[in-house]
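# Structure assessment
Listed here are the chains, written in short residue letters.
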Protein chains: 2
Amino acid sequence: MEEITVNLGPRSYPILVGAGALRTVGRRLSALAPGRRTAVVSDRSVLTRYGPTVAESLRGAGFSVTEILVPEGEAAKTLAVAERCWDDCLTAGLDRTSTLLALGGGAVGDLAGFVAATYMRGIPFVQLPTTLLAQVDASIGGKAAIDHPRAKNLIGAFHQPLMVVVDPDVLSTLPDSEFRSGLAEVVKHGIILDAAYFSDLEAHVAEIISKDLPTLERIIAVSCRLKGRIVEADEREGGPRATLNYGHTVGHALEAVTSYSRWLHGEAVSLGIVAAALIAERLGVTDAETVRRQVSLLRALGLPVSFSAPAPHVIVEAISRDKKARDGKVPFVLAPRIGEFRLVFDIPADLVASVLAEMQKGAG
Amino acid sequence: MEEITVNLGPRSYPILVGAGALRTVGRRLSALAPGRRTAVVSDRSVLTRYGPTVAESLRGAGFSVTEILVPEGEAAKTLAVAERCWDDCLTAGLDRTSTLLALGGGAVGDLAGFVAATYMRGIPFVQLPTTLLAQVDASIGGKAAIDHPRAKNLIGAFHQPLMVVVDPDVLSTLPDSEFRSGLAEVVKHGIILDAAYFSDLEAHVAEIISKDLPTLERIIAVSCRLKGRIVEADEREGGPRATLNYGHTVGHALEAVTSYSRWLHGEAVSLGIVAAALIAERLGVTDAETVRRQVSLLRALGLPVSFSAPAPHVIVEAISRDKKARDGKVPFVLAPRIGEFRLVFDIPADLVASVLAEMQKGAG
C-alpha cells in the first residue's frame, strides 16, 4: 500500500493507493474520525458492487453506516439531489463529528463533497474514488461542486477530505471508455508537470491499455503525488493550481456546447490538449515535436485527437464564458516543452478558431 | 473611525466602526477587492434607506453595482432564496474576482455569506451590518448559513469577509425591540469575556437605552474586539468559540419550539442567559450575586428574564436536538464569575427542566 501525504497544515491528509484498499477504510477512519456515525453516498451500480465491502469495513471498526443513494453520473450534481442528501444526513442523525464518504466517480465525489462542506458548516469527508478519473484527479484537492442549469460546477466549495482511499482493483469493472477518459488526466499530468512520467507513459502504452494492475498502481500513485504537490502549492486555486486546467479551457467549452452528451470529460480534455498544443505551436511557444508527442500518446491510448462538429465559432464563444475568466479575460495553460507549463492571457479568438478548424480537418 | 483587525493569517480582515462609515465602503473596497463588479444583497426596507449611500460610494470608486433583493428577516434564509441569488450573480456576470456585499441584519448576512461562500466555490464578501445584533456579533467571524425546514442554520459554511463596516448611525432607525435584542449579545460578551466591560454596561444603562451615539460607538467597538479575539483563537468553532454560545443552548431551543415567532433572537438569548446563570448556581459553579447581576442588567436593558410557556419538558427535549451535540451530548457554557466561562457536558435534563420551571414562576 503506497501512502502519499498532501501537506496542507491542519488540513493535511493521506492518499492511500493499493489493491484491496477499500477493505481497510473502517480501520483507517477509526484513527482519524471524531464521531462514530457515517453515511456513504453512492449510485446504485457502484453501491451494488462495492457498498458491501465498504459498509462491512466501517461496521467492523465500530461505525454506524447509512447509505445515501444518488443518481449516476452528472445527474447527481443538482441542487435537488444535494437537498435530499442534507435531509438524509439529518434523518440519519449525523452531527458535526460524523463522516460522509463518497463512493463513486467524480460526480459522486463532487456532490458528496459539497454536501459535506455545507452540512452543519462542514463535516469530515472521505473520498473513495472508483473511476480512474476520480482516482488520479477529482478526489484530490478538496474541490466540490454542483451544477447550475446555466453553468457547470457553479455552486461549490473547497473542502479537503480526511483521507482518499484509492483501490485500483475496482478499475477491472470500469467500462473501457471511462477508463480511457481517465487516462487523459494522466497524460495531462505528464505534459505539464513531469517529462520523465510522460516518457514512462509513452513506453508502457500496451500495459496501460491492458489494465496491467502493477502498472496501474504505479501510474496512479505518480499522478496522485503530482496532483497533491500542486494542491499543496495552491490550495484555493489562486496560482499554480490553474495549470491543472491544461486542455480544460477548450475541453469545458466542447462539453458545454454539446450539453455534456457527446464526449466523456476525458475525451473532451484530450481534444482540448491537442488544441492547446497547436495554439502553443502557432504562438511559437513550442515546437512541432512537442505537439507530435502529445497527439501520438493520446491517440495510442485510444483518445480522440480530432472532431467534426460543432463549428469553431460556437466553441470560441463558449470559451469566453469560462468560469476562470477574470474581469472578462480567459487564461490558457500552454506547454512550452513536455514537463513545463506557462499561463497565457489574451490569446486571440481567431487563433483559437483557426486551430479548432485545423483539428476538424484531422489533427496531428 | 475605529479600526479593529481580526487576525486570521491570510484571511485577516478589518472591522471599521464609526458614524458615517457606510459612505466610505467604495473607497475601502478599492484597496481590497481584485475585481470591479459587485452585488449588494439586501431587503426592501434596508435597501430603500441605505442602498443609495452604499451604491453611490461603490460607483464613485469605480465599481459596477447590481442590487439583489431578498425577503426581510429569517425568510431570506431559504434554499429557494439562495438559488435566486446564485442566478442573479450569474446574470450580473459576477466572476471569482467580484465582491458580494451584505447590507442588512443577521439574516441577510447569513444568506449572502452562504451565497458568497458557494458561488464559484467562494468569492470576496463584505459585511455591512445594519442591526445592533449583526454589528456586534453576526457579521464577525465568517459563519454563514441558510435554514433547513427541520433545523435552523443547518446548511452553511465558514467564509470570512474581506472587511466589516459598522455604521452606528443606522441604529437610529432600528425598531426598539430589535435594538434591545442586540443588547443581549452585548451583555453576553461582558458576562463570559470581560468583567470591566460588564461593569461599564451596568454603569451606563441610561445612555445605552437612549441610544447615545458616542456610547454606542464605544460599546460596539468593544464587543467587536471581544468577538474578533474569540474568532482569532478558534476560527472553525472547535474550542473557545463555543463559549459565544452562552445563553444560546436554551435560547435556541426556546426559538425552535415556538417556531421563531414568539421572541426575537436576543430576547430568547436573554432568557437563555438567565437559565444558564441559574443552572450554574444550582451546580455550585457560581454564587447568587453573580446570578443577580446578570438578571438585573438584562432587566434594566428591557430584556425578558422570565416567561410563561412552553412547558419545561418541551424545551428540554428541543435542547437534546442541538446542532452542537457531539455523539448525542449537548455542551452548556456556564459563567463561574462575571468575565469567566466554563464548558460543561452532561448537565442532567431534570436540573434544566427545574430551572426553567423556576423561571416560569418569575425569575430573579
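Because the structure is a prediction, the values reported are computed rather than measured.

Rules and cut-offs
- Residues numbered from 1 in each chain as written.
- Chains lettered and ligands numbered in written order.
- Predicted model: local features only at pLDDT ≥ 70, side-chain atom pairs only at ≥ 80, totals over all residues.
- Heavy atoms only, no water.
- Buried < 20%, exposed > 50% of the residue type's maximum accessible area, 1.4 Å probe, protein only.
- Helix = DSSP H or I, 4+ residues; strand = E, 2+ residues; numbered from the N terminus.
- Contact = heavy atoms within 4.5 Å.
- Pairing = 2+ DSSP bridges.
- Axes fitted to C-alpha atoms, helices over the stretch in contact; angles between N-to-C directions.
- Buried area = accessible area lost by both parts, 1.4 Å probe.
- Salt bridge = Lys/Arg side-chain N within 4 Å of Asp/Glu carboxyl O.
- Polar contact = N/O pair within 3.5 Å; in protein donor to acceptor, adjacent residues only side chain to side chain.
- Domains from an automatic or database assignment.
- Least-squares fit on C-alpha atoms with pLDDT ≥ 70 in both.
- Parallel < 35°, antiparallel > 145°, perpendicular 65-115°, else oblique.
- Nonpolar A, V, L, I, M, F, W, Y, C, P; charged D, E, K, R; others polar.
- Phe/Tyr/Trp six-rings, centres within 6.5 Å; stacked < 30°, edge-to-face > 60°.

On to helix 10 (residues 248-257) of chain A, then. All names here are of chain A. Summarising burial for helix 10: seven of the 10 residues are buried, a large majority. In the core, the buried residues of helix 10 are packed alongside helix 6 (176-193), helix 11 (265-282), helix 13 (312-319), strand 10 (332-334) and helix 14 (349-360). Phi for Ser259, located one or two positions after helix 10, is positive at around 55 degrees.

Another aspect to go through is the sheet that holds strand 3 (residues 37-42) of chain B. Residue and element names in this part refer to chain B. Taken in spatial order, the seven strands make up an open sheet running 1-2-9-6-5-3-4, and their pairing is mixed. Only two strands of the sheet have a single neighbouring strand rather than two, namely strand 1 (2-6) and strand 4 (64-69). Each strand of the sheet is rotated relative to its neighbour by a mean of 20 degrees, with strand direction disregarded. Pairing of strand 6 (residues 125-129) with strand 9 (residues 163-166) involves two bridges; the strand directions are parallel.

Residues and elements named next belong to chain B. Position of Pro34 among the secondary structure elements: in the loop between helix 1 (25-30) and strand 3. On the basis of relative accessibility, which here comes to 54%, the residue Pro34 falls in the exposed class. A sequence separation of 62 residues divides Pro34 from Arg96, and the C-alpha atoms of the two residues are 9.0 Å apart.

Before going further, it helps to spend a moment on the interface of chain A and chain B. With 39 residues of chain A at the contact, the number on the chain B side is 39 residues. Of the roughly 3400 Å² buried where chain A meets chain B, counting both sides, 52% is carbon and sulfur surface. At the surface where chain A touches chain B, the tally comes to zero salt bridges. The tally of links between chain A and chain B comes to 12 residue pairs in polar contact (both at pLDDT 80 or more).

With that settled, the discussion passes to the side chain of Ser57(B). Tracing the sequence through the fold places Ser57(B) in helix 2 (residues 44-60). Excluding residues within four positions of it along the chain, Ser57(B) makes contact with Leu22(B), Arg23(B), Thr24(B), Val25(B), Gly26(B) and Arg27(B).

Another point: the domain arrangement of chain A. Residues and elements named next belong to chain A. According to the domain assignment, chain A contains domain 1 (2-172) and domain 2 (176-361). On a C-alpha basis, the centroid separation for the pair domain 1 and domain 2 is 26 Å. Between domain 1 and domain 2, the residue contacts involve 30 residues of the former and 28 residues of the latter. For domain 1, the biggest contributors to the area lost against domain 2 are Leu132, Val136 and Phe158; these three give 23% of the whole. Between the two partners, domain 1 and domain 2, sit four salt bridges. Here Lys188 and Asp137 are joined by a salt bridge, their closest N and O atoms 3.6 Å apart. At the boundary of domain 1 with domain 2, the tally comes to nine residue pairs in polar contact (both at pLDDT 80 or more). Sorting the residues of the side of domain 1 that touches domain 2 by element identifies strand 1 (2-6), strand 2 (13-17), helix 5 (132-138) and strand 8 (151-158) as the ones contributing at least two each. Counting residues per element, the side of domain 1 that touches domain 2 draws most heavily on helix 5, which supplies five residues.

A few words now on the sheet that holds strand 5 (residues 99-104) of chain A. All names here are of chain A. Ordered in space as 1-2-9-6-5-3-4, the seven strands form an open sheet in which the pairing is mixed. Since the sheet does not close on itself, it has two edges, and those belong to strand 1 and strand 4 (64-69), each with one partner. Within the sheet, the average angular offset between the axes of one strand and its neighbour, ignoring direction, is 20 degrees. Here strand 1 pairs with strand 2 via five bridges, running antiparallel. Looking at the pairing, Glu3 lines up with Leu16 of strand 2. Strands in contact with helix 4 (residues 106-118) are strand 3 (37-42), strand 5 and strand 6 (125-129); relative to strand 5, the strand with the most contacts, it is inclined by about 170 degrees.

Attention shifts here to the pairing of strand 2 of chain A. A regular strand places its side chains so that they alternate between the two faces of the sheet. Burial runs high along strand 2 of chain A: five of the five residues are buried. In sequence, strand 1 of chain A turns back onto strand 2 of chain A through a hairpin of six residues, with Gly9(A) there showing a positive phi of about 60 degrees.

To continue, consider the relation of the copies chain A and chain B. Overlay of chain A on chain B (RMSD 0.0 Å): rotation 180 degrees, translation along the axis 0.0 Å. The two molecules are tied by a two-fold rotation axis, judged by turn and shift. When the interface residues of chain A are mapped onto chain B, 100% of them again lie at the interface, so the same face is used by both copies.

A few words now on the packing of helix 11 of chain A against helix 12 (residues 288-300) of chain A. Residue and element names in this part refer to chain A. In contact at an axis separation of 9 Å, helix 11 and helix 12 are set at 170 degrees when each is read in the N-to-C sense. With respect to helix 12, the element helix 11 is oriented roughly antiparallel. In this structure, helix 11 contributes Ser270, Ile273, Val274, Ala277, Leu278 and Glu281 to the contact, and helix 12 contributes Ala288, Val291, Gln294, Val295 and Leu298. Broken down by class, the residue content of the contact of helix 11 with helix 12 amounts to eight nonpolar, two polar and one charged.

Topologically, Ser45(A) is positioned in helix 2 (residues 44-60). With 191 residues separating them in the primary sequence, Ser45(A) and Arg236(A) have C-alpha atoms 33 Å apart.

Here the focus is the packing of aromatic side chains. By convention here, two paired aromatic rings are described through the distance between centres and the angle between planes. Residues and elements named next belong to chain B. Using the criterion set out here, one finds four aromatic pairs over all chains in the structure. Plain terms: the ring middles of Trp86 and Phe114 are 6.0 Å apart, the flat faces sit at 50 degrees to each other, and that makes the pair tilted. Of this pair, Trp86 sits in helix 3 (residues 79-91) while Phe114 sits in helix 4 (residues 106-118), placing them 28 residues apart in sequence. The same class applies to Trp86 and to Phe114, which are both buried. Measuring from ring centre to ring centre gives 5.9 Å for Trp263 and Phe307, while their planes differ by 85 degrees; the resulting arrangement is edge-to-face. Of the two residues, Trp263 is situated in the loop between helix 10 (248-257) and helix 11 (265-282) and Phe307 in the loop between helix 12 (288-300) and helix 13 (312-319); the sequence distance between them amounts to 44 residues.

Residues and elements named next belong to chain A. Residue placement: Val70 occurs in the loop between strand 4 and helix 3 (79-91). Val70 sits in the buried class, given a relative accessible area of 5%. Along the backbone, Val70 and Thr286 are 216 residues apart, and their C-alpha atoms lie at a distance of 44 Å.

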